[in-house]
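The primary structure of each chain is shown beneath.
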Amino acid sequence: MRDLFVEIYESIRRNKLRTVLTGFAVAWGIFMLIVLLGAGNGLINSFGQASGSFASNTIAVYPGRTSEPYDGLQSGRRITLQDQDMALTLGPSFAAYVDDITPTVGTSVTVVRGRKSASGYLEGNYPSRLDVEKIKLRYGRFINENDLKENRKVVVIPERLGENLLPEGRDVKTLMGERLKLNGIMYRVVGITASDLMSSDNLMFAPFTTVKKVYNKGNDIDDFTFSFHGLDTEEANEEFEKTYRAAINLRHRASPTDNGALWLENRFTQNLQMSKARRVLNIALWIIGLFTLLGGIVGVSNIMLITVKERTHEFGIRKAIGASPASITKLIIAESVAITAIFGYIGMIAGLAACEVLDKTLGNRTMDVMGEQIAVLIDPTVGVNVALEATLLLIIAGTIAGLTPALKAARVRPIEALRAE
Amino acid sequence: MIIELKDVNKTYFGAQPLHVLKGINLSIEEGEFVSIMGASGSGKSTLLNILGILDNYDTGEYWLAGKLIKDLTEKQAADYRNRMIGFVFQSFNLIGFKTAVENVELPLFYQGVPRRKRHTMAMEFLDRLGLKDWAGHYPNEMSGGQKQRVAIARALITNPRIILADEPTGALDSKTSEEVMALLAELNREEKVTIIVVTHESGVANCTNKIVHIKDGVIGEIEENQLHNASVLGAGSIMK
Ligand SMILES: Nc1ncnc2c1ncn2[C@@H]1O[C@H](COP(=O)(O)OP(=O)(O)OP(=O)(O)O)[C@@H](O)[C@H]1O
Ligand SMILES: [Mg+2]
């Protein structure tokens, strides 16, 4: 073993510049691979955070307009959802899948506090909405059962909207328990939601029953969301959506296949697609990284070929005094692996350092994209396992790079090698 | 009989085929000191390379120490070269980036001898050849004679039964040539090593005990030369 290292050291020492130049290509390849994977992870993590704020097995149902004439009615007719649609959803036809349902009904309002005002949308909701939408409360509480039962005039407002109603510098917390005037009707603030990337800055919540009664909504509702179980594949979900859509559409005298009449937002399939997209992104990054690395490997392979050619005479001497072909092969491959491993390691360390820098500078920093705060990269780093995989990859890469030159060196007949100069 | 060639033929298939060895028959006993002479291009090196299993022959038989040398794998051939045969070349063929002692050690490395042991042995051999002080020098820091003595030390270190030397004095002046030939003669006398020297210098051939002439691809005259009087210049001198 020691002899092998001495040989490799000698050989590298004799070709310093050449070795460093090729080594750089390998280092660059691994560097790019690590940085790409790190950045990719950051991107994936920020997707994850965005989509992670919804319960994963719900379907939101929104009304639309019919897109085809049916049952003697024109297309383009506006659909309004009603209590009966909820009853149908909870009814026997879908009982096998549907668990829970929360409707919303809402109206645009102007919020007034003293001389300040803001416009917003007041949504009547059920307590379960908190979990379904993964709403984050900063202060106070969400709508509760008693609010609903007693049709209380209570409201949960977003942090940002609260700030707009207060004089500069006053803590939104002081709004808790205060009364605000919403379209002339007084509501008491019972909770304040955190404003983050996915929340709306002007969406307020009140009890469903209150909104329905105060604003005279009758049977009409805006939309509803139900949770379900037992639909594990994309196909099963599609099948379910088809039957479900047909049932609701028919109740509104719309074609059962009219996709415009009803909007179904299935978070479960969205998540499925998201994780698929994540996998694809990950694979794409590996492929790009590997191709970059491949450049380095080709470089090393080339340099080893030149080395072998230059050392042909020496190998001839070695063979004449008893070197087996295997020992020559070993020599070349070991040198190739050594070069790849050393420089790959340098590249890897640099790559990990670059990921750290990314994390410190861009990590968790948000960017304003069309009025929404989007985190650019969240934790753009690679794990220990990736570093280990990369190490293994380097050894394999070095072996592959050395293989052709090594076999070439081992194959050349001693007499020909001795003649070479 | 350590070496026996029966009707060995060798053709080089170059631009046009060249039949170099046309049925060589030759026997060499253990402990002989033989020279092979012949005109340039007569096939001396070709023959020696076949004897050293560095090259293949086409037809015939080559028996080395009772074993037919035919269709050996590279590994087997390497093993034979390592244990049975020591080579001395005209151009020394030392490895330039290794010191004298490292060059001498190398055959032992391929036998798997531990580092310390092979170093000690190599130093011993260099000492025997009067090169102890040059052990740490690289080949390009040594004279031709010194280099050839290092090469001989390397050939001897595995204690081979045969030494094959292709024009070992070709790159040396007459005085150094005499020293090298004296060294080979001594090895032959004291250690009973079989030595075959290819040369076209009659003075060199005269140092050996038997002179084999090769001509037109076959063995011609074989001179007994126990008295070392084959050269017109007489024994003990090599004219350059
Ligand atoms: N690899 C080869 N391919 C083709 N022809 C070759 C090859 N090696 C040698 N020859 C030819 O074979 C013939 C014999 O060559 P060889 O080297 O054996 O001669 P030699 O007796 O050693 O000559 P010299 O005294 O000049 O060294 C020469 O004509 C040479 O040109
Ligand atoms: Mg020759």
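Not measured: the values here are computed from a predicted model.

Peer 1: Hey, could you run me through the overall build of chain A in this one?
Peer 2: Counting its secondary structure elements, chain A contains 13 helices and 14 strands. Over its C-alpha trace chain A gives a radius of gyration of 33 Å, far above what one expects of a compact globule, namely 22 Å for 421 residues. Per-residue burial over chain A gives 47% buried out of 421 residues. When contacts within chain A are restricted to residue pairs at least 6 apart in sequence, those whose partners lie at least 24 apart make up 75%. When the accessible surface of chain A is split by element, carbon and sulfur atoms take 59% of a total near 20,400 Å². If the 47 positive side-chain charges of chain A are averaged to one point and the 44 negative ones to another, these points end up 4 Å apart.

Peer 1: What should I look at first to understand the site of ligand 1 in this one?
Peer 2: Near ligand 1 you find 13 residues, and of these Ser40, Gly41, Lys44, Ser45 and Thr46 of chain B are the closest. Nearby residues place ligand 1 at the junction of chains A and B. A distance of 3.0 Å separates a nitrogen atom of ligand 1 from a polar atom in the side chain of Arg419 of chain A. One of the side-chain nitrogen or oxygen atoms of Thr46 of chain B is found 2.5 Å away from an oxygen atom of ligand 1. Protein contacts shield 65% of the accessible area of ligand 1, which totals 630 Å² for the unbound molecule. For the shell around ligand 1, the secondary structure elements donating two or more residues are β2 (17–28) and α1 (44–51) of chain B. Examining the composition of the shell around ligand 1, we find that three residues originate from one element, α1 of chain B, more than from any other. Residue composition of the shell around ligand 1, grouped by class: four nonpolar, six polar and three charged.

Peer 1: Please clarify how the packing of helix α9 (residues 267–310) of chain A against helix α11 (residues 325–361) of chain A should be interpreted in this entry.
Peer 2: Any two packed helices are characterised by the angle at which their axes cross and by the distance between the axes. All names here are of chain A. Close contact between α9 and α11 brings their axes to 11 Å; oriented N to C, the two are set at 140 degrees. Between α9 and α11, the interaxial angle falls into the category oblique. In this structure, α9 meets α11 at a crossing whose hand is right-handed. Residues Val300, Met304, Thr307 and Val308 of α9 touch α11, and the partners they reach there are Ile332, Glu335, Ser336, Ile339 and Thr340. In terms of residue class, the contact of α9 with α11 is built from five nonpolar, three polar and one charged.

Peer 1: Mind showing me how you'd approach a nonpolar patch on the surface here?
Peer 2: Residue and element names in this part refer to chain A. A contiguous nonpolar surface patch, about 480 Å² in accessible area, is contributed by Ile283, Ile287, Phe291, Leu294 and Val298. Along the chain, Val298 falls in helix α9. With a relative accessible area of 46%, Val298 lands in the partly exposed category.

Peer 1: Explanation requested: the pattern of salt bridges in the structure shown.
Peer 2: When the charged atoms of two side chains with opposite charge come close together, those side chains can pair. Enumeration according to the criterion identifies 32 salt bridges over all chains in this entry. When the shortest N-O distance is used, the salt bridge between Arg129 of chain A and Glu123 of chain A registers 3.9 Å. For the pair Arg129 of chain A and Glu123 of chain A, a shared accessibility class is recorded, and that class is buried. A salt bridge links Glu314 of chain A to Arg311 of chain A, with the nearest nitrogen and oxygen atoms 2.9 Å apart. With a relative accessible area of 5%, Arg311 of chain A lands in the buried category. Counted as one network, the salt bridges with shared partners bring together Glu7, Arg311, Glu314, Arg318 and Glu335 of chain A together with Lys98 of chain B.

Peer 1: In this structure, what is going on with the sheet that holds strand β3 (residues 33–37) of chain B? I would like to understand it.
Peer 2: Working definition: the strands of a sheet are paired by backbone hydrogen bonds and lie parallel or antiparallel to each other. Residues and elements named next belong to chain B. In spatial order, the strands read β6-β7-β8-β3-β9-β10; together these six strands make up an open sheet with mixed pairing. Each of the sheet's edge strands pairs with one partner strand only, and the pair in question is β6 (85–89) and β10 (218–224). Pairwise comparison of adjacent strand axes, ignoring direction, gives a mean angle of 20 degrees for this sheet. With five bridges joining them, strand β7 (residues 162–166) and strand β8 (residues 194–198) adopt parallel strand pairing. Note on β8: the bridge partner recorded for Ile163 is Ile195. Running at roughly 155 degrees to β8, helix α6 (residues 174–191) makes contact with β3 and β8 of the sheet.

Peer 1: Before we go on, may I ask you to explain the nonpolar core in this structure?
Peer 2: Generally speaking, soluble globular proteins have nonpolar side chains that are buried together. Grouped together as the largest cluster of nonpolar side chains are 81 residues, with contacts concentrated most on Ile3, Ile24, Tyr62 and Leu64 of chain B. Element by element, the count of residues in this core is highest for α11 of chain A, at eleven residues. Counting 41 residues, the second largest nonpolar core, distinct from the first, contains Val105, Val155, Leu165 and Ile248 of chain A.

Peer 1: So what exactly am I meant to see when it comes to α6 of chain B here?
Peer 2: The periodicity of an α-helix, 3.6 residues per turn, causes residues three or four positions apart to be oriented the same way. Residues and elements named next belong to chain B. End to end, α6 covers 25 Å across 18 residues, agreeing with the expected 26 Å (1.5 Å per residue, within 8%). Regarding α6, the residues found buried are Thr176, Ser177, Val180, Met181, Leu183, Leu184, Ala185, Leu187 and Asn188. In this structure, the buried side of α6 is in contact with β3, α4 (115–128), α5 (144–156), β8 and α7 (202–206). Of the residues flanking the end of α6, it is Lys192, one or two places downstream, whose phi is positive at about 60 degrees.

Peer 1: Which parts of the structure should I look at to understand the confidence of the model for chain B?
Peer 2: Note that predicted coordinates carrying low pLDDT should not be read in detail. In the predicted model, chain B carries a mean pLDDT of 91, and the fraction of residues at 70 or more is 96%. Quick note on the complex model: pTM equals 0.71, ipTM equals 0.92.

Peer 1: Any chance you could explain the packing of aromatic side chains here in plain terms?
Peer 2: For any pair of aromatic rings, geometry is given as the distance between the ring centres together with the angle between the planes. Under the counting rule described, the total for this entry stands at 13 aromatic pairs over all chains. On the basis of an interplanar angle of 70 degrees and a centroid distance of 5.0 Å, the ring pair of Phe109 of chain B and Tyr110 of chain B is categorised as edge-to-face. The class for Phe109 of chain B is partly exposed, based on a relative accessible area of 26%. According to the relative accessible area criterion, Tyr110 of chain B is buried, its value standing at 17%. Taken together, Phe94, Tyr97, Phe226, Phe228, Phe240, Tyr244 and Phe268 of chain A form an aromatic cluster joined through their ring pairs. One cation-aromatic arrangement involves Arg14 of chain A over Phe97 of chain B; the distance from NZ or CZ to the ring centre is 3.3 Å.

Thresholds, definitions, all that
Within any chain, residue numbers begin from 1 and follow the written order of that chain's sequence. Each chain takes a letter, starting from A, and each ligand takes a number, starting from 1, following the order in which they are written. A pLDDT threshold of at least 70 governs which residues receive local features in this predicted model, and a stricter bar of 80 or more applies before side-chain atom pairs are shown or counted, although totals over entire chains, interfaces and linings include all residues. Side-chain metrics rest on all non-hydrogen atoms present in the structure, leaving aside hydrogens and water. Strands here mean DSSP runs of E at least two residues long; helices mean DSSP runs of H or I at least four residues long; both are numbered from the N terminus. C-alpha atoms define the radius of gyration, and 2.2 Å times the number of residues to the power 0.38 defines the globule rule. Buried means the residue's accessible area, taken with a 1.4 Å probe over protein chains only, is under 20% of the maximum for its type, while exposed means over 50%, and partly exposed covers the values in between. Note on contacts: a residue pair qualifies if any of its non-hydrogen atoms lie within 4.5 Å across the two residues. Calculation of accessible area relied on Shrake-Rupley with a 1.4 Å probe; when residues are assessed, cover is drawn exclusively from the protein chains displayed. None of His or the chain ends enter the tally, which takes Lys and Arg as positive and Asp and Glu as negative. For charged residues, the charge sits on one atom: NZ in Lys, CZ in Arg, CG in Asp, CD in Glu. A cutoff of 4 Å decides nearness: a residue is near a molecule or strand if any of its heavy atoms lies inside that distance of it. Whenever a nitrogen or oxygen atom comes within 3.5 Å of another N or O atom, the pair is scored as a polar contact, on the condition that within protein one atom can donate a hydrogen and the other can accept it, and that pairs from neighbouring residues in sequence are kept only if both atoms are in side chains. Residue type decides the class: Asp, Glu, Lys and Arg count as charged, Ala, Val, Leu, Ile, Met, Phe, Trp, Tyr, Cys and Pro as nonpolar, and the leftover types, Gly among them, as polar. Note on geometry: axes are C-alpha line fits, over the in-contact stretch for helices, and angles between N-to-C directions span 0 to 180 degrees. Oblique is the label for any angle not under 35 degrees, not over 145, and not in the 65 to 115 range, which are roughly parallel, roughly antiparallel and roughly perpendicular in turn. Each helix crossing is assigned a hand: it is left-handed if the near helix lies turned anticlockwise from the far helix by less than a right angle, otherwise right-handed if that turn is clockwise. Like-charged residues are merged into a patch within 9 Å and nonpolar side chains (Val, Leu, Ile, Met, Phe, Trp, Tyr) within 5 Å, provided each residue has over 30% relative accessible area and no salt bridge. Each reported salt bridge corresponds to a side-chain nitrogen of Lys or Arg within 4 Å of a carboxyl oxygen of Asp or Glu. Between any two strands, pairing holds if DSSP finds at least two bridges. The nonpolar core is taken to be a set of buried Ala, Val, Leu, Ile, Met, Phe, Trp, Tyr and Cys residues, with the residues joined through side-chain atoms within 4.5 Å. Expected span, for any helix, means 1.5 Å times one less than how many residues it has. One number per residue, pLDDT, summarises how confident the predictor is, and it ranges from 0 to 100. Any Phe, Tyr or Trp ring, taking Trp's six-membered ring, that has another such ring centre within 6.5 Å forms a pair; planes under 30 degrees apart are called stacked, those over 60 apart edge-to-face, and the others tilted. Think of it as a cone above the ring: NZ of Lys or CZ of Arg counts as a charge over the ring if it is within 6 Å of the ring centre and within 35 degrees of the ring normal.

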